[in-house]
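# Structure assessment
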Amino acid sequence: MDHYFNRRKRHPGLKVRGICIAGLLVLASWAGNAIAEFEQVAPDLYFNYDHGGSNSAILITEEGVLVVDTRMHPDDAELLLAEIRTHTDAPIKYVINSQFHGDHYMGNKVFAREGATFIAHTDTKAVILERFEYEVNSRPFASRGQDSSEVELVLPDILFNTQLNLTLGGRTIELLYIGAGQNEGDTLVHFPHARAMHSGGVFHNRSWANTSYTPSFDGWVNVLTAMQDIDVDTYLPPHGPLATKKDLEAFTQFIAKLNSSVKSAVTAGTPLAEMLQNLTFDEYSEWRGYDRRERNLTAMHELMTTGEAQYFVPNERAAPIPSQ
Ligand SMILES: [Zn+2]
């Protein structure tokens, strides 16, 4: 566990930090990309930011702990649990699996061992069941120094469809489903007392979401727009750093621009290869996952041409899942 990099804040001085990160990246490559930062968002709310993997939210109360998303592998989950244990001995009461992508739930068994109750959207469970084997076989565990056989299927104990309110330590936590973003079942986890929200698969901050899975880009833009009416200051995204309303607006514009650009190309009958050449989106080249641009645009082109999201395609035809 001593290779786990824990920092509350990410701004201790650029130069020094750069040197530290360079050294730690060596350790991280040896330790399975386990590098992460544990940031405090509110007195009782934390954000586990993992640039190379996926993020989690953690609410710590005297009555117990609530965790949103359990990272990609049990090893990652063990590191997260160890970090939580430096803050509290309270029981892990709830785990929310906010989406069906394996990099967000395949650490589940660690928290099952702790006795947590698992909650997810009905569609999330359905796709986890459909995709579990493929997820386990497709993730880059070997390059992370991790053993895929350690991943176990842990399904939700409680399902919801539209809204579910939990109470823990006197706080109310709202699980909301207002429509599919990146995925059907994308769950927003609202912490009203902290004016904060974990944004499920709907909103990735400064990050190219995986567009192979959404059933509708119009729908995704609508969900992002509706999110702006929910009164919060801080978003804890599944990928990318902590975010503000301004970041949400930027991501909404990004998805809207992808949507309108690909739609125009499809309407004009532009061949896929030509569209990929034209739509370079240079203004988003600094965002995480820009290297997936062609794959994402191809998926969008396929959805808008055939009406079918790529994840409904039989597994043998699906491309390998990237690390987010
Ligand atoms: Zn992901």
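Note that the coordinates shown come from a computational prediction; the quantities given were computed from them, not determined experimentally.

Cut-offs applied
Residues numbered from 1 in each chain as written. Predicted model: local features only at pLDDT ≥ 70, side-chain atom pairs only at ≥ 80, totals over all residues. Helix = DSSP H or I, 4+ residues; strand = E, 2+ residues; numbered from the N terminus. Buried ≥ 20, exposed ≤ 12 C-beta atoms within 10 Å, placed from the backbone. Contact = placed C-beta atoms within 7 Å. Pairing = 2+ DSSP bridges. Axes fitted to C-alpha atoms, helices over the stretch in contact; angles between N-to-C directions. Parallel < 35°, antiparallel > 145°, perpendicular 65-115°, else oblique. Left-handed = near helix turned anticlockwise from the far one by under 90°. Nonpolar A, V, L, I, M, F, W, Y, C, P; charged D, E, K, R; others polar. Expected span 1.5 Å × (residues − 1). pLDDT = per-residue confidence, 0-100.

This part is about the overall build of the protein chain. Broken down by element type, the protein chain carries eight helices and twelve strands. A burial count over the protein chain gives 44% of its 324 residues as buried. For the protein chain, contacts bridging at least 24 residues in sequence account for 70% of all contacts bridging at least 6.

This paragraph deals with the sheet that holds strand S12 (residues 234–236). Ordered in space as S8-S9-S10-S11-S12, the five strands form an open sheet in which the pairing is mixed. The sheet is open, and its two borders are formed by strand S8 (163–168) and S12, each paired with just one other strand. Neighbour-to-neighbour, the strand axes of the sheet open up by a mean angle of 20°, direction not taken into account. Judged from the three bridges that link them, strand S11 (residues 196–198) and S12 form a sheet pairing that is parallel. Residue pairing across strands places Met-197 opposite Tyr-235, the latter belonging to S12.

This part is about the sheet that holds strand S1 (residues 37–42). With mixed pairing, the seven strands of this open sheet are ordered in space as S1-S2-S3-S4-S5-S6-S7. A single partner strand is all that each edge strand has here, and the edge strands are S1 and strand S7 (158–160). Going across the sheet, the axis of each strand differs from the next one's by a mean of 20°, ignoring polarity. Taken together, the five bridges between S1 and strand S2 (residues 45–49) define a ladder with antiparallel strand orientation. Considered in S2, the bridge of Glu-39 is made with Phe-47.

Two elements in contact, helix H5 (residues 217–227) and helix H6 (residues 245–267), have axes separated by 10 Å at closest approach and are oriented at 165°. In this view, H5 runs roughly antiparallel relative to H6, as classed from their interaxial angle. Regarding H5 and H6, the two cross each other, and that crossing is left-handed. Here H5 contributes Phe-217, Asp-218, Trp-220, Val-221, Leu-224, Thr-225 and Met-227 to the contact with H6, which in turn contributes Leu-248, Phe-251, Thr-252, Ile-255, Ala-256 and Asn-259. Its residues assigned to classes, the contact of H5 with H6 comprises nine nonpolar, three polar and one charged.

Put simply, H6 and helix H8 (residues 293–306) touch, their axes get as near as 10 Å, and they point 60° apart. Here H6 is positioned oblique relative to H8, judged by the angle of their axes. Crossing geometry of H6 relative to H8 is assigned as right-handed. The residues of H8 that touch H6, namely those facing Leu-258, Val-262, Lys-263 and Val-266, are Leu-297, Met-300, His-301, Met-304 and Thr-305.

Here H8 contains 14 residues, and its C-alpha end-to-end distance of 20 Å stays within 8% of the 20 Å for a straight helix at 1.5 Å per residue. In this fold, the buried residues of H8 make contact with H5, H6 and helix H7 (272–278). Just downstream of H8 lies Gly-307, where phi reads positive at about 80°.

You can see Gly-269 is positioned in the loop between H6 and H7. For the pair Gly-269 and Thr-305, spaced 36 residues apart in sequence, the C-alpha separation works out to 9.8 Å.

Before going further, it helps to spend a moment on the pairing of strand S9 (residues 171–176). Pairing of S8 with S9, which is carried by six bridges, proceeds in the antiparallel orientation. Looking at S9, one finds that Leu-166 is bridged to Ile-173. The hairpin formed by S8 and S9 contains two residues between the paired strands, and Gly-169 there has a positive phi angle of roughly 55°. With three bridges connecting them, S9 and strand S10 (residues 188–191) associate as antiparallel partners. From the neighbouring strand, Leu-176 faces S10, where its bridge partner is Leu-188.

Residues of the protein chain with pLDDT of at least 70 account for 85%, and the chain-wide mean is 87. Low pLDDT, under 50, characterises residues 1–33; the predicted model gives this stretch 34 contacts beyond four residues in sequence or across chains. Low pLDDT, under 50, characterises residues 312–324; the predicted model gives this stretch 18 contacts beyond four residues in sequence or across chains.

This part is about the environment of Ile-119. Structurally, Ile-119 is set in strand S6 (residues 117–121). Remark: the alpha-carbon pair of Ile-119 and Phe-160, spanning 41 residues in sequence, is separated by 7.8 Å. Once residues within four sequence positions are removed from consideration, Ile-119 is found in contact with Tyr-94, Ile-96, Pro-156, Ile-158, Phe-160, Leu-164 and Leu-175.

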